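Residues per chain, in single letters:
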Amino acid sequence: MSKINNVRSTFHTVAFLIALLFIPLAVPAAMPKRVNNIVLTQSQLDEYNAEGLLVIPGFFTKEEIKQVSQISDRLQKEAEILSLEQTGKVMHKGTQFVVDRNNNKLQIHRIV
């Protein structure tokens, strides 16, 4: 569980976007799975099934991570502005923001 908490705390502003880029990896135990030309080992599949996520170093390029980070920052700023006027489910420019304020601090539940 600490592995998940470390990943969440390190990437809290982009975790929801990165999660969108992953393909569900649940497959029969004896079958290797190919994702973006990376063949996952049985150990990696077991880790994914046990932890709910799998960190693959080098899966994304630095440029891809930079782009996701910039988009995440923009969405977080949009959520901040929107939450000043309305909380809960907010539709904005085709995107659903689910936001709250707790002690005047923004809480983003999800952005779809």
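Details of the structure are given in the entry above.
Let me sum up the structure you'll find in this document.

Cut-offs and rules
Residues numbered from 1 in each chain as written. Predicted model: local features only at pLDDT ≥ 70, side-chain atom pairs only at ≥ 80, totals over all residues. Heavy atoms only, no water. Phe/Tyr/Trp six-rings, centres within 6.5 Å; stacked < 30°, edge-to-face > 60°. Salt bridge = Lys/Arg side-chain N within 4 Å of Asp/Glu carboxyl O. Helix = DSSP H or I, 4+ residues; strand = E, 2+ residues; numbered from the N terminus. Pairing = 2+ DSSP bridges. Axes fitted to C-alpha atoms, helices over the stretch in contact; angles between N-to-C directions. Contact = heavy atoms within 4.5 Å. Core = buried A, V, L, I, M, F, W, Y, C linked by side-chain atoms within 4.5 Å. Buried < 20%, exposed > 50% of the residue type's maximum accessible area, 1.4 Å probe, protein only.

### Quick word on the packing of aromatic side chains
- This structure, assessed with the given rule, holds one aromatic pair.
- Plain terms: the ring middles of F59 and F60 are 4.9 Å apart, the flat faces sit at 80° to each other, and that makes the pair edge-to-face.

### Focus on the pattern of salt bridges
- Within the structure shown, the criterion is met by one salt bridge.
- The salt bridge partner of R101 is E80, with a shortest N-O separation of 2.4 Å. Here the residue R101 occupies a position in strand 4 (residues 95-102), and E80 occupies one in helix 4 (residues 62-85), the gap between them amounting to 21 residues.

### Focus on the pairing of strand 3 (residues 88-92)
- Sheet topology places strand 3 next to strand 4; five bridges connect them, and they run antiparallel. Looking at strand 4, one finds that M91 is bridged to Q96.
- Once strand 3 ends, the chain turns through two residues before running back antiparallel as strand 4, passing K93 with a positive phi of about 55°.

### Here's the deal with the sheet that holds strand 4
- Pairing in this open sheet of three strands is antiparallel, and the strands run 3-4-5 from one edge to the other. Two strands close off the open sheet at either side, each with one partner strand: strand 3 and strand 5 (105-111). Going across the sheet, the axis of each strand differs from the next one's by a mean of 35°, ignoring polarity.
- Across the sheet, helix 4 touches strand 3, strand 4 and strand 5, and the angle it forms with strand 4 is around 60°.

### With respect to the nonpolar core
- Counting residues in each nonpolar core, the largest one holds eight residues, listed as L75, A79, L82, V90, F97, V99, L106 and I111.
- Contributing elements (two or more residues each) for this core: helix 4, strand 4 and strand 5.
- If you look at the next biggest cluster of nonpolar residues, it comprises five residues, including L40, L45, L54 and I56.

### As for the side chain of S83
- Along the chain, S83 falls in helix 4.
- We classify S83 as buried; its relative accessible area is 4%.
- Leave out the neighbours within four places in its chain, and S83 touches V99, R101 and L106.

### Examining the environment of D100
- Within the secondary structure, D100 is located in strand 4.
- Separated by twelve residues in sequence, D100 and G88 place their C-alpha atoms 6.0 Å apart.
- Excluding anything up to four places from it in sequence, D100 contacts T87, G88, K105, L106, Q107 and H109.

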